[in-house]
Amino acid sequence: MIVPPVLVAVVESARCSPTSLTDLGHLLQVLGTFLGLSLFSLGGGNTLLSEYQHLSVDQFCWLTSSQFADLYALAEAAPGPSSMLVGLLGLGAAWPEGPWWALLSGYGAELAILLPSTLVMVLACLSWNRLKDSPWRIAFERGLGPITLGILFQVGLKILHTADTNAAGVVVSLVVCVLMLRTRISPLWFMACAGVLGGLGVINR
Amino acid sequence: MNEQPPSHRELFIGMLQVALSAFGGGLSAWSQRIVVEQRGWLSNEEFLTGLTVARLFPGPNQINMAVYIGAAFRGLSGALVALAGMLLVPFSLLMLLGVAYFSFHTLPAVDRVLAGVVAAAAGMALSMGFKILDQYWKDPVALLLAAATFVAMEFFHLRLVPVVLIAGPLAMVWYWPRSSGSGSQP
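Residues numbered from 1 in each chain as written. Chains lettered and ligands numbered in written order. Predicted model: local features only at pLDDT ≥ 70, side-chain atom pairs only at ≥ 80, totals over all residues.

The next subject is the overall build of chain A. Secondary structure assignment for chain A yields 9 helices and 0 strands. Element order for chain A, N to C, with α for helix and β for strand: α-α-α-α-α-α-α-α-α. Counting over 205 residues, chain A shows a buried share of 52%. The contacts of chain A with a sequence gap of at least 6 include a subset with a gap of at least 24, amounting to 64%. (Helix = DSSP H or I, 4+ residues; strand = E, 2+ residues; numbered from the N terminus. Buried ≥ 20, exposed ≤ 12 C-beta atoms within 10 Å, placed from the backbone. Contact = placed C-beta atoms within 7 Å.)

The following block contains the structure:
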């Protein structure tokens, strides 16, 4: 199983002009964005990564491409579910308005992405006995699985492309990918080692 | 299950304990150890059912699991309390980390280290698809669906939401369980 070295040479879309919004406008934009995506977080939430990248970098210009990659790495390295990335995106979106407003935006973003899926989950728990053997449940589970698979491959390439490191960095990415699949070593070690390689200048971007 | 269902307070503390124990990874294992073995809130079977539900529905699996546990005992309010217990500490730490990042990421030394960390994180992202590829390996239709989804997004730049809304129902029709008779179409 070899991943073809990123054949995509998609040119970075021309820098969009940062949205000029009032503080409250920014916050509402952040909340609305994530509320709308919540129910599409299949496969444990990772299917949304490309969407997050598109929204925060290309569409709303909250972040630069490499900032997005940095935040993704932070969320993966930090303890807790990696879907907490959304909070970091919210933080970044409102950072120009100052740290306190940014923190509010960060907490708001995380609540927004979790609220709809939480409500659905509560309904599902309460009606699970009826749902369990329903053909809808079976078709949903079997049908959405392969779609999730396709999305995850696209997300993987997207993140690799967003990381945009030199050849040494891409080699490290591929090695980490293989080690993730073949060993049970904690990914924190990979990040620490790669961080050292970055500090030494072997990996750069 | 215990004769006495856990209170809101206990749910919060229990999930907090799971989150704190799982610093460094293994959230699912800790969740099982604390909820099933230590506190006896759920039987092992109930816990596994919870995992199935959590994986099936949208949302991050571990967070959904907390919602399941909370909802099982205290309904919606229990779910929210369990969620808060699970997320409050790790999320607040992450926010602090984020503030540090936006304050210092322009320093060249920080940026250089991050370039390396990002390369490793990209490798982790790349492995996600391969991780679940095995279970679909013997199903050509599933592979075709996955490939079509991939091509639509990667090469035709379709966004996730329309792709799921179109491909989802088609896939559900194909995978509709036939043995149990054709279900009524409301």
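What follows continues from the structure just given.
A tally of regular secondary structure across chain B gives 7 helices and 0 strands. Along its sequence from the N terminus, chain B presents helices and strands in the succession α-α-α-α-α-α-α. Since a compact globule built from 186 residues should have a radius of gyration of about 16 Å, the 21 Å found for chain B marks it as more spread out than a globular shape. The principal-axis extent of the C-alpha atoms belonging to chain B is close to 60 × 45 × 30 Å. Relative to its 186 residues, chain B shows a buried fraction of 43%. (Rg over C-alpha atoms; globule rule 2.2 N^0.38 Å.)

The next thing to look at is unusual backbone geometry. All names here are of chain A. Unlike most non-glycine residues, C61 shows phi in positive territory, near 55°. Considering the arrangement of structural elements, one finds C61 in the loop between helix 2 (49-59) and helix 3 (65-77). Even without glycine at this site, D164 takes up a positive phi of about 50°. Assignment of secondary structure puts D164 in the loop between helix 7 (135-163) and helix 8 (167-182). Looking at D164, the number of C-beta atoms within 10 Å reads 18, which means it is partly exposed.

So, about the packing of helix 3 of chain A against helix 7 of chain A. All names here are of chain A. Close contact between helix 3 and helix 7 brings their axes to 8 Å; oriented N to C, the two are set at 120°. When the axes of helix 3 and helix 7 are compared, the pair comes out oblique. Note that helix 3 runs across helix 7; the crossing there is left-handed. Across the interface between the two elements, S65, F68, A69 and Y72 from helix 3 touch I159, T162 and A163 from helix 7. Tallied by class, the residues present in the contact of helix 3 with helix 7 amount to 5 nonpolar, 2 polar and no charged. (Axes fitted to C-alpha atoms, helices over the stretch in contact; angles between N-to-C directions. Parallel < 35°, antiparallel > 145°, perpendicular 65-115°, else oblique. Left-handed = near helix turned anticlockwise from the far one by under 90°. Nonpolar A, V, L, I, M, F, W, Y, C, P; charged D, E, K, R; others polar.)

For the rest of this paragraph, the subject is the interface of chain A and chain B. Listed as interface residues are 96 residues of chain A and, on the opposing side, 80 residues of chain B. Of all the elements in the fold, those that place two or more residues in the side of chain A that touches chain B are helix 2, helix 3, helix 4 (85-93), helix 5 (99-126), helix 7, helix 8 and helix 9 (187-199) of chain A. Looking at the side of chain A that touches chain B element by element, the count peaks at 23 residues for helix 7 of chain A. The class makeup of the residues in the side of chain A that touches chain B is 61 nonpolar, 28 polar and 7 charged.

Moving on to helix 1 (residues 8-21) of chain B. Residues and elements named next belong to chain B. If you check helix 1, its first and last C-alpha atoms are 20 Å apart, about what 14 residues at 1.5 Å a residue would give, namely 20 Å. Taken together, the buried positions of helix 1 are L11, F12, G14, M15, V18 and A19. Summarising the axial view, the buried residues of helix 1 lie within an arc of 165°, below the 170-degree limit, and thus occupy one face. (Expected span 1.5 Å × (residues − 1). Arc of directions from axis to C-beta.)

This next bit is on the confidence of the model for chain A. Taken as a whole, chain A shows an average pLDDT of 87; of its residues, 90% reach a score of 70 or greater. Across residues 1-14 of chain A, where pLDDT falls below 50, the model places 12 contacts with residues more than four positions away in sequence or in other chains. (pLDDT = per-residue confidence, 0-100.)

Structurally, the α-helix is built with 3.6 residues per turn, so residues lying three or four positions apart point the same way. Residue and element names in this part refer to chain B. In this model helix 6 (residues 140-154) runs 21 Å from its N-terminal to its C-terminal C-alpha over 15 residues, within 8% of the 21 Å that 1.5 Å per residue would give. Burial in helix 6 covers these residues: A142, L145, A146, T149, F150, M153 and E154. Along the axis of helix 6, the buried positions cluster into a sector of 145°, meaning they face one direction only. The exposed set on the far side of helix 6, more than 90 degrees from its buried face, consists of P140, V141 and L144.

What follows deals with the confidence of the model for chain B. All names here are of chain B. Averaged over every residue, the pLDDT of chain B is 89; residues scoring 70 or more account for 94%. Overall, residues 180-186 carries pLDDT values under 50, and its contacts beyond four positions in sequence, including any with other chains, amount to 3 contacts. Per the prediction output, this complex has pTM 0.88; the corresponding ipTM is 0.88.

Moving on: the environment of A:L174. As for its position among the elements, A:L174 is in helix 8. Linking A:L174 and A:L160, residues 14 residues apart in sequence, is a C-alpha distance of 9.5 Å.

All names here are of chain B. Structurally, the position occupied by V67 is in helix 4 (residues 61-104). Here V67 falls in the buried class, since 32 other C-beta atoms lie within 10 Å of it. Separated by 108 residues in the primary sequence, V67 and Y175 have C-alpha atoms spaced 28 Å apart.

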